[in-house]
Structures are given as C-alpha cells and as structure tokens.
Amino acid sequence: MKRFFICLMVIIALIACNNEKKEPETTSETTDIQKKWWKEAVIYQIYPRSFKDTDGDGVGDLKGIIEKLDYIESLGVNMVWLNPIYSSPNADNGYDISNYREIMDEFGTMEDFDLMLNEMHKRDIKFVMDVVVNHSSDEHRWFQESRKSRDNPYRDYYHWWPAEKGEPNYRYSLFDPKGDAWKYDSITNSYYLHYFSQKQPDLNWENPKVRQEVYDIMKFWAEKGVDGFRLDAFQFVSKDTSFPPLPEGYEKDVIKYYGMGPNLHKYLKELNKEVLSQYDVFAVSEGAGSTFEDAHSLVDADRNELQMAYHFKGMDVGNSLEGYELSEFKEVYTKWDSAFAKEGWLSIFLANHDVPRMVSKFGNDSPEFRAASSKMLNTFILTMRGTPYCYYGDELGMTNIAFDSISQYQDIVAKNGYEKTINEGGDIEQYMTELKFLSRDNGRTPMQWDDSEHAGFTTGTPWLPVNENYQKVNVEAENNDPNSCLNYFRDIVKLRMDNPVLVYGDYELLFTENKNVYAYTRKLNEKKMLILLNFSTENTSIEISEKLKDLKLVINNLSDVELEDSKVTLKPYQALIFSYK
Ligand code: GLC
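Note that the structure is predicted; figures quoted are calculated from it, not measured.

Draft legend 1. Up close: the overall build of the protein. Looking only at helices and strands, one finds 19 helices and 21 strands in the protein. Relative to a compact globule of 581 residues, whose C-alpha radius of gyration would be 25 Å, the protein shows 23 Å and is just as compact. Referenced to the eigenvectors of the C-alpha coordinate spread, the extents of the protein come out at roughly 80 × 50 × 50 Å. Taken over 581 residues, the protein has a buried fraction of 64%.

Here is the structure:
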C-alpha cells in the first residue's frame, strides 16, 4: 500500500533524491552565473485537457488556448509549457504517444498549433513542448511493427525478452495494477518492458535508429519554432539492458536502478549536438538524478547536455496526510540553491499535473486562509533562484477537488492503484483517504473562468468535474477584485520581471530555526531584497538586523502590516518583500 503511494506520486517520491554526498553551505556567494533568456523566464504550465474547451466535447483544445492568450499575456508570464498534445489513445492523458508529428484530435489540428505558436510569439510568449520518449504508446506504428515478429525491422525499437530464456528478472511497474514491468506478448512468445503502464512500452535507446527518430522529431518541432523542450521521464532512457536481478529494497532508490543509466550522458551529448545546439532552444529534464552530482552532470554548461532540470526533493516534502515541517522545506530549498549557486540551473515549482494543488498541499485551503496562503506560496516561487514554473489555476488559488469515490477519478494511476490495493488485500479505506489528498486528478480539474455552468470551461460535460468553489474562485471574479490572488500574482510576476536580483541574486537564509517564518535575502551587486513568508496560522514576530525605516516595503499580500523599529509581526500566511534602499 505504502509502496503503491510511492508509485502514485511517480517521479516525486520515486525519484527520491538522497543528496547526502555533498553538503554545501547554506549560503552562497556572489555569482557570475551566465545570463540566459530561459533563466529570466516565468513559465506558465497548461494542462491542455483542462484549460478551455471551444467545441463542447468537454475537453480543452488548442483553439481554447488561443482564445485565452490575452489572459495569459495579462499575467505577465513569458513562456508556456503545454503537457503533450500529440496523437494519443490517452491511456495516460497524452503521455502515451501514437504519432509524434500529429496533434491529438481532441485538441485540434496542426493548423491550430501553428496559429497558436504564432500568436504566442506575437505576444513575446515562448513555447515549451513536452517530449515523451522514454516510451511510446503501444498503439504507435513502431510498436505495432515491433511486436509482429522477432525479425521485424522495428523489433529493436523496444526492449524484448524472449520467453525461452525464462522469465525476465522482476521489475516493478510504476503504473501497473499487477505491478510487473514485463508484459508477456504471445505473438512472439516474448516479454516487453514498460516502466509505466502496459500501454507505454519503453523505447530502446541503445538502438541508434531510435535516437535518430527522436532527434528528427525534435527537429521537426524546432523547425516550427518551439523554444524549449521538457524531457519527460528522461532519466530512464538509458538502462542496463542486461536487466540483472535487482537488490532487495531497490524501489527506494528506483532512479538508481531504473534511470541515469550507463549511456545517459552519451545520449544527451548527442541530443545536444544534433538538436539543442542547432537552435535557440533550451531543454529541461524531468528529474535530476539522485544526488547533486547527478543533477550537475545533466545541466552544467560545460557538459553540453541540458540547460535545466527539476528535482523532486521539494515535492517529496509534505507527501503524506501528516503534512510537513517548515524546517524540512527550508532545508531542501536552501541546500539545492547552494549546490547550484555557481554552476548549473534549476527550476522552482510547487505544483504540476502529477501532484495535488499547491495551496492544498503546502498552504491552507480553508476559506479563511486560502487566498493569503496561495499568494504567499506564489511569492516564494517568484522570489527564489531558478526558473519559476507556475501551474495553471494556481494564480487563482485553485484547490484540491478531493473526490470520495473511485468512480470519480479519471487518472490511470488512481484507478490502477485501486485495483492493485484490492488485488493485494490492502487497506482500501486508507488508500482512498490518501488518494483524496494526493491524487493527480486534484491538480487536473478544469480552469475556473467565471461563475457560469462548468466555470465557463465548456458548454458540454467536462471530462473531469469542476471544483465546487468555482463560483468564488474564478478569473472573472478575481479580475474585478484588486485584492485577489490573481491580481497579486500579476504584481509578483512583474516584480520578478523588473528585478534581475530575483533571478540571479545570491540567496541567504535567515532565521533558520524559526518554525513559522521562511526568511531570506536575494542580493545582486548593490541591489538587495528581503523576503519574509509566514507559513503558519500564528502571528509571528521577528527582529531584523536593520531599522525598518531604511527599507522599502514593495510587496504585501495582506491589507495591513505591523512594523516597529526593527520588529516585523507577520500575520498568518503573510508575505512581505522589502527592498534595501
Ligand atoms: C511523467 C509525467 C507524468 C506521466 C509519466 C509517464 O512523470 O509528468 O504525467 O504519467 O511521466 O509518461
């Protein structure tokens, strides 16, 4: 059961990083990190199924995104990442691709895509394409061919294990209800490997033809003008293809046994040479290995591999019903910042399509504190070093939907986990309680545009229900309220855009031991800012070392503020930013 929940959170818990090898200091010195446009960006992530439906089928589409580009522009963000939009049978909502050069029917056409990209570029918004090439769909032509016969030209596009060699050494599957990553296929009396679901067979990157296919696909999209690539589950592409038996407990460090394989860096260098270096694009890896060294090996400029990675250590915090301690949160972000202060670059995020809503997990989604805590969390994302990734709806303070019955869930992981728990005689009540909080569907409910039926997302029946709080939490209502989460988000994005210190400045943690307040400074040359974030429901006072009259308050997420000489009293979930004069 517990193990399943590790699976449920996919990369979050599975790619658990243990960063024990290198323990850097908690502060960093002035950096001479190279300036790059993708470091200065603020990325807005859109789950396209859930953003805006224009044809009434209950599923978001590209025309819907085009319709909302003025809204996206109004946020002040300058880059958009869309989850996969390629043709797909949707076993895993587009993370199972059947044609890498076509747009999924439900989302529209290639003409819609071209128009969308063009309209984004007209507004100076760049675009990041999700690239899912650890695996394809089992409905991809390559796999259809591959399974036909052992001598098919596409046979080696995937990992096959002939049954006459006996059963392959067991590997557990992250998504499978039976838990086995090898699936027997009677057509050729062989097993194929699928780290994710049975409908997502792993591609064989050892085969140079597969790699060439991938580079060609990426070039196809780069030629169209995309500006970046998000490499899905990328650490897994290089494997030990002898598939040896795995030691007891390997699930706890699955990335070590499943990913960061012997040839990963060779492939990344090749990809860089063939694609990334040929265009003005960047690539971000989902996952950053198990150690700081792993992460550096992926993104340091002199490696000529990738430009950015996101680690999941931050996501591991609070991955349970018990919640989390602020001390752990501070420690994770401080260590990762320090480890990358001089070299390499990371992203900063608190939510995406694989995890609960940011405010429900790290903040407080009760009516009293929802708005304040979600503004406070956005303040964190937008004032840390690293490229911020803001998940659609988090600018409004959208919350978990918290389903009660398994029939309400759509996610393959939720459904397969349910089946697995039943099969194994696990505690289904406990499973449902955890699912309610941790399910990926929590973060995938439709965008809340207004207070009309289905929150203005669709005129049909939405593929996933709209959160009941849409009558209050929606774009239209928040647009009209100067104190809304939405308008605060615009302010804080603008502050980031206007202040390179928030992008490149050194980070220093203050008040390390304070249990309620996360305080830090960012400093770049003469410019310095102080960020104070109350992560608790308690009023908390701190005594800073300067006189407050020497600082200028530039952001406050609440209407008032208590300042006295050098003492600041932060109200529950208050976020303040001061600039040093
Ligand atoms: C990544 C995606 C996740 C997907 C999985 C398999 O972790 O973020 O949504 O299910 O890869 O492609």
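Draft legend 2. Spatial organisation of the site of the ligand. Asp 92, His 135, Asp 232, His 353 and Asp 354 are the nearest of the 15 residues found near the ligand. Measuring from an oxygen atom of the ligand, one finds a side-chain N or O atom of Asp 92 at 2.5 Å. Here His 353 contributes a side-chain N or O atom positioned 2.8 Å from an oxygen atom of the ligand. Protein contacts shield 100% of the accessible area of the ligand, which totals 310 Å² for the unbound molecule. Grouping the amino acids of the shell around the ligand by side-chain chemistry returns five nonpolar, three polar and seven charged.

Draft legend 3. Up close: the side chain of Asn 134. Residue placement: Asn 134 occurs in the loop between strand E5 (126–131) and helix H6 (141–146). On the basis of relative accessible area, Asn 134 is assigned to the buried category, the value being 0%. Engagement of the side chain of Asn 134 in a polar contact is seen with the side chain of His 135, the distance being 3.1 Å. Apart from the residues lying within four places of it in its own chain, the contact partners of Asn 134 are Phe 196, Pro 201, Asp 202, Leu 203, Asp 232, Ala 233, Phe 236, Val 237 and Lys 239.

Draft legend 4. Quick peek at the UniProt feature "domain: Glycosyl hydrolase family 13 catalytic" (unreviewed entry) in the protein. UniProt tags residues 45–444 as "domain: Glycosyl hydrolase family 13 catalytic" (unreviewed entry). When the span residues 45–444 is considered, its composition is 33% helix and 12% strand, and the gap between its end C-alpha atoms is 12 Å.

Draft legend 5. Examining the environment of Leu 276 more closely. As for its placement among the helices and strands, Leu 276 is situated in the loop between helix H9 (264–274) and strand E10 (282–286). With a relative accessible area of 3%, Leu 276 lands in the buried category. For the pair Leu 276 and Ile 217, spaced 59 residues apart in the sequence, the C-alpha separation amounts to 12 Å. Non-local contacts of Leu 276, meaning those with residues more than four positions away in its chain, are made with Met 218, Phe 229, Leu 271, Val 281, Ala 283, Glu 305, Leu 306 and Gln 307.

Basis of the calculations
Starting afresh in each chain, residues are numbered from 1 along the sequence in its written order. Side-chain atom pairs in this predicted model are given and counted only at pLDDT of 80 or more, local residue features only at pLDDT of at least 70, and totals for whole chains, interfaces and linings cover all residues. Excluded from the side-chain calculation are hydrogens and water; included are all heavy atoms of the structure. The helix and strand labels rest on DSSP assignments: H or I over at least four residues marks a helix, E over at least two residues marks a strand, and numbering proceeds from the N terminus. Note that the radius of gyration is over C-alpha atoms, with the globule rule given as 2.2 Å times the number of residues to the power 0.38. For the exposure calls, accessible area comes from a 1.4 Å probe over protein chains only, and a residue counts as buried if that area is under 20% of its type's maximum, exposed if over 50%, partly exposed in between. By convention in this text, a residue qualifies as near a molecule or strand provided that one of its non-hydrogen atoms is within 4 Å of it. N or O atoms within 3.5 Å of each other form a polar contact, as long as, within protein, one can give a hydrogen and the other can take it, and as long as residues adjacent in sequence are counted only when both atoms are side-chain atoms. Here, Shrake-Rupley sampling with a 1.4 Å probe gives the accessible areas, and only protein chains in the shown set may cover a residue. Three categories are distinguished: nonpolar for Ala, Val, Leu, Ile, Met, Phe, Trp, Tyr, Cys and Pro, charged for Asp, Glu, Lys and Arg, and polar for the others, with Gly belonging to the last. By definition, residues are in contact when any of their heavy atoms lie within 4.5 Å. UniProt positions are given in the numbering used here, feature names are shortened, and annotations may be inferred rather than shown by experiment.

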